[in-house]
Amino acid sequence: MKPRQRCRLARWAQEAYRIGARRSARLLNLSWSTLLYKSRKGKQEPLRRRLREIAATYVRYGYRRLTVLLNREGWKVNAKRVYRLYDEENLKVRSVERKKIARRQRVPQGQAMRPNDCWSADFVSDKLADGRSIRILTVIDQFTRECVGLEADRSMNGPKVVAALMRAISERGAAPRSITLDNGSEFAGRAMEAWAMATGVQLCFIRPGRPVENGFIESFNGRLRDECLNVEWFPTLDQARQRLVSWRDHYNHMRPHSALDDRPPASFAALHQHGPARFALSTSDMANGKPRQGFAAPADAALDPARRLPDDTYHKGEALLRIARTRDSLLSLWSDFQARQSGSGGP
């Protein structure tokens, strides 16, 4: 481990375990002078920003190719400096890709700031009365929590997913900026890739084995299974589709959502049909004191009657990031911390 990484680990250990600087240096076999050293170089934020932009465009380029692109644009940098910034920004590319894993965004995904900004999609499986299996495509809006699409069929492939998304876009009148997906073959196939390139929608794939990175749709799938699939009996596929349409209408217009101050998603979306988005809050605790269920709420001040601004006033932001905290061995915690920094994001 390099001295720079040991210093970062020592500072993290001081904050996480409330230990002194000298003790953290001894535990990591780190020189006291090295821990106290502070670089006098600037942050080079313009160069970092441009490096992130190029890495997001050319997702399989390493630091050497990125150095060439920067030099072509007039940046007077060498490969060593680019590699240092490349490492600090967690833009490293895996040298050997696994098979059947879709290319994913290496830059942390931003929060949904307005309706139709970011969607999430996934699949849920169920069985008919005769034992035949069906698959249900679920699509939600991360900001308003509305169920954008709920399609059931005997099997689902890439073209069927594209057709369902086109129907959802036609119903809502606009395409989203991005869609968060897992690495399933239906989402990672050529049909979805061609559709995304044609419509300009960004496909953000989560890391394999990390469904929590698509937490909004996982929470919705739990509600769907608990409130509909586990209590309904579907003799035929057509009846299953009719019941899902009815449940979706109830979910969007009637069912109270705890993260939206017990408003249904459609009512919350109606508050944001006009004007820019609101500001992002610095805390995730609900202002009205009620316990939160599920994942982080879009906003607190916009939902709390005691602190809400006039209806005709709109501000920027409104998505909150729920940060998970845990306690384990020092090295395992540091590994989890680096994994989250390398581009997971989440809900």
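Details of the structure are given in the entry above.
Summary of the structure given here. (Residues numbered from 1 in each chain as written. Predicted model: local features only at pLDDT ≥ 70, side-chain atom pairs only at ≥ 80, totals over all residues. Heavy atoms only, no water.)

1. Thoughts on the pattern of salt bridges
Part 1 of the argument: Applying the stated criterion across every chain, the model contains 21 salt bridges.
Part 2 of the argument: Here Arg 84 makes a salt bridge to Glu 88, at a shortest N to O gap of 3.8 Å. Of the two residues, Arg 84 and Glu 88 both sit in helix H6 (residues 79-88), four residues apart, roughly one turn of that helix.
Part 3 of the argument: Glu 88 sits in the partly exposed class, given a relative accessible area of 26%.
Part 4 of the argument: Residue Glu 146 is joined to Arg 172 by a salt bridge in which the shortest nitrogen-to-oxygen separation is 3.1 Å. With Glu 146 in the loop between strand E2 (133-141) and strand E3 (147-153) and Arg 172 in helix H7 (residues 158-172), this pair connects stretches of sequence that are 26 residues apart.
Part 5 of the argument: Judged by relative accessible area, which is 12%, Glu 146 ranks as buried.
Part 6 of the argument: A cluster of three or more residues bridged by salt bridges with shared partners is formed by Glu 45, Arg 48, Arg 52, Arg 84, Glu 88 and Glu 89. (Salt bridge = Lys/Arg side-chain N within 4 Å of Asp/Glu carboxyl O. Helix = DSSP H or I, 4+ residues; strand = E, 2+ residues; numbered from the N terminus. Buried < 20%, exposed > 50% of the residue type's maximum accessible area, 1.4 Å probe, protein only.)

2. A look at the sheet that holds strand E5 (residues 202-205)
Part 1 of the argument: Strands sit in the order E3-E2-E1-E4-E5 across an open sheet of five strands; the sheet is mixed. In this open sheet, the two edge strands, each paired with only one partner strand, are E3 and E5. Taking the axes of each pair of neighbouring strands and ignoring which way they run, one obtains an average angle of 25° across the sheet.
Part 2 of the argument: Across six bridges, the pairing between E2 and E3 is antiparallel. Within E3, the position partnered with Thr 138 by the bridge is Leu 150.
Part 3 of the argument: With respect to the sheet, helix H10 (residues 215-229) is in contact with strand E1 (118-127), E2 and E3, its orientation differing from that of E1 by roughly 35°. (Pairing = 2+ DSSP bridges. Axes fitted to C-alpha atoms, helices over the stretch in contact; angles between N-to-C directions. Contact = heavy atoms within 4.5 Å.)

3. Let's talk about the packing of aromatic side chains
Part 1 of the argument: For the structure shown, the criterion picks out eight aromatic pairs.
Part 2 of the argument: Relative to Tyr 251, the ring of Phe 220 has its centre 5.1 Å away and its plane inclined at 80°; by these criteria the two rings are edge-to-face. With Phe 220 in helix H10 and Tyr 251 in helix H11 (residues 237-253), the pair connects residues that are 31 residues apart, well separated along the chain. Each member of the pair, Phe 220 together with Tyr 251, is buried.
Part 3 of the argument: Following the ring pairs from residue to residue traces out a cluster consisting of Tyr 63, Tyr 83 and Tyr 86.
Part 4 of the argument: One residue, Arg 22, lies across the ring of Trp 32, its end atom 4.2 Å from the ring centre.
Part 5 of the argument: If you follow Arg 135 out to its NZ or CZ, it ends over the ring of Phe 123, 4.3 Å from the centre. (Phe/Tyr/Trp six-rings, centres within 6.5 Å; stacked < 30°, edge-to-face > 60°. Lys NZ or Arg CZ within 6 Å of the ring centre and 35° of its normal.)

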